[in-house]
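Listed here are the chains, written in short residue letters.
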Amino acid sequence: MIQNLEQVIKRTMKRLTIILITLKGIVFSMLLSCNSNTGKTDKNLSESQFEKKDKREMTSQFCITTQPVNKASNLYKPQNIEDTFLSDSDFKQMLGDIVRKTKNEIDSTVIYTTHKDFQKEIIVSKECINDKTFGEKLMEEYFVSDFIYDQINFIKSENKKIINFGDALIYEYEIIGGSEYNPHNITLVLREDGNNYSGISFCSDGMRWKKITEEDYLMLFVERVRIHKQYEIPMLYMKNKFIPLGHHKIPELWKED
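Note that this is a predicted model, so its numbers are computed, not measured.

(A) Expanded view of the overall build of the chain. For the chain, the count of helices and strands is 4 helices and 11 strands. Residues counted as buried form 38% of the 257 residues belonging to the chain. Across the chain, every contact between residues at least 6 apart in sequence was considered, and the portion connecting residues at least 24 apart equals 59%.

Structure below.
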């Protein structure tokens, strides 16, 4: 009887051993499978991240990068400026102060012109600057993606010496079919910088240019109240951006109701 009991115990232990080995094999296979899947996921994620990084580097190296100007304004809309326009004589005096290199102060009522949606630092590679279609791609990607418009027309490019900025390559574009309340023009003010062009990009209702000296021009940022009420804002380049010095009704474009 004892012999029979021993045989039963041996058979039971043998079966338990087989079951244990089988279970270990199953668990090992599951772990191996999990590690394999995790590795594939990490690999896919890594490839995706690399692809995004590579695209960023390609954009930076071969096309365009932008960023808000340093200490950009948080003000997007102008303050109540109806009673604060410079008179024609005050405007002329201010222009004279620039020529005489008098210290100029920022006009805080129109500081919105340094908001990131109106003024940005920009770098354009020489490969892109020679492609006339880069402007439209730039506007769609960086400036007017949330605007409703029909098309963007290239107006012209020209060279000007801008006071405090120096020799500039200027590109101008017009936004066709946009809302009256959105900017109507894009202006790029660039200068050669190694393998790139760098400078400032503007969204506005246009740019006017005032000849200050025999060689130098001052930029006048145009803003519409309505189509028949437009004013200009003298913009002087200081350090890394153009700052507003005042605002003046454009005589031929401002009609009283």
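(B) Quick peek at the packing of aromatic side chains. Under the defined criterion, the tally for this structure stands at 12 aromatic pairs. Geometrically, the ring pair formed by Phe202 and Phe221 is edge-to-face, given 6.4 Å between the ring centres and 70° between the ring planes. With a gap of 19 residues between them, Phe202 in strand S6 (residues 196-204) and Phe221 in strand S8 (residues 216-226) connect regions that are remote in the sequence. The pair formed by Phe202 and Phe221 is uniform in burial state, with each residue classed as buried. These aromatic residues form a ring-pair network of at least three members: Tyr76, Tyr112, Phe118, Phe165, Phe202, Phe221, Tyr237 and Phe242. Lying across the ring of Tyr217, Lys160 places its NZ or CZ 4.8 Å from the centre. Taking the ring centre of Phe165 as reference, the NZ or CZ of Arg191 above it sits at 4.1 Å.

(C) How the structure looks around unusual backbone geometry. The phi torsion at Lys71 lies on the positive side, around 55°, for a residue other than glycine. When you line up the elements, Lys71 lands in the loop between strand S1 (64-68) and helix H2 (88-99).

(D) Here's a closer look at the layout of surface pockets. Each pocket or cavity is described by its volume, and for the largest pocket that value is around 250 Å³. Lining the largest pocket are 14 residues, and of these Lys77, Glu180, Tyr181, Glu223 and Arg224 sit closest to its centre. The biggest single contributor to the lining of the largest pocket is S8, with 4 residues. Partitioned by chemical class, the residues of the lining of the largest pocket number 6 nonpolar, 2 polar and 6 charged. In this structure, the second largest pocket encloses a volume near 160 Å³. Looking at the lining of the second largest pocket residue by residue, the classes come out as 3 nonpolar, 3 polar and 3 charged.

(E) Molecular detail of the pairing of S6. With 8 of 9 residues buried, S6 is to be regarded as a mostly interior element. Bridging between strand S2 (residues 119-125) and S6 involves 7 bridges; their strand directions are antiparallel. Looking at S6, one finds that Gln119 is bridged to Phe202. Pairing analysis gives 9 bridges linking strand S5 (residues 185-193) to S6, with the strands arranged antiparallel. The partner of Arg191 across the bridge, within S6, is Ser198. Here S5 folds back onto S6 in antiparallel fashion, the turn holding 2 residues, of which Gly194 has a positive phi close to 65°.

(F) How the structure looks around the environment of Ile233. Turning to its location among the elements, Ile233 is positioned in strand S9 (residues 229-238). C-alpha of Ile233 to C-alpha of Phe221: the two residues are 12 residues apart in sequence and 4.8 Å apart in space.

(G) View of the pattern of salt bridges. In the structure shown here, the tally under the stated rule is 9 salt bridges. When the shortest N-O distance is used, the salt bridge between Lys156 and Glu158 registers 3.6 Å. The partly exposed category is assigned to Lys156, whose relative accessible area is 37%. A relative accessible area of 18% means that Glu158 is categorised as buried. Between Arg208 and Glu232 there is a salt bridge whose closest N-O contact spans 2.9 Å. Within this pair, whereas Arg208 is found in strand S7 (residues 207-211), its partner Glu232 is found in strand S9, the two being separated by 24 residues in sequence. For Arg208, a relative accessible area of 27% gives the class partly exposed. Given the relative accessible area of 3%, Glu232 is considered buried. Connected via shared salt-bridge partners are Lys156, Glu158 and Lys160.

(H) Fine view of the nonpolar core. Formed by 23 residues in total, the largest nonpolar core has its most connected members in Ile162, Val189, Phe202, Met219 and Phe242. Of all the secondary-structure elements, those providing two or more residues to this core are strand S4 (166-176), S6, S7, S8 and S9. Looking at this core, the element that brings in the most residues is S9, giving 4 residues. Apart from the residues lying within four places of it in its own chain, the contact partners of Val189 are Ile162, Phe165, Ala168, Leu169, Ser198, Gly199, Ile200, Phe202, Met219 and Phe242. Judged by nonpolar contacts, the second largest core, of 15 residues, contains Ile64, Ile129, Tyr197 and Cys203.

Basis of the calculations
- Residues numbered from 1 in each chain as written.
- Predicted model: local features only at pLDDT ≥ 70, side-chain atom pairs only at ≥ 80, totals over all residues.
- Heavy atoms only, no water.
- Helix = DSSP H or I, 4+ residues; strand = E, 2+ residues; numbered from the N terminus.
- Buried < 20%, exposed > 50% of the residue type's maximum accessible area, 1.4 Å probe, protein only.
- Contact = heavy atoms within 4.5 Å.
- Phe/Tyr/Trp six-rings, centres within 6.5 Å; stacked < 30°, edge-to-face > 60°.
- Lys NZ or Arg CZ within 6 Å of the ring centre and 35° of its normal.
- 1 Å grid on protein atoms, 1.4 Å probe; cavity = no way out; pocket = protein on both sides within 12 Å on 5 of 7 lines; lining within 4 Å.
- Points joined across faces, edges and corners; volume = space filled by probe spheres on them.
- Nonpolar A, V, L, I, M, F, W, Y, C, P; charged D, E, K, R; others polar.
- Pairing = 2+ DSSP bridges.
- Salt bridge = Lys/Arg side-chain N within 4 Å of Asp/Glu carboxyl O.
- Core = buried A, V, L, I, M, F, W, Y, C linked by side-chain atoms within 4.5 Å.

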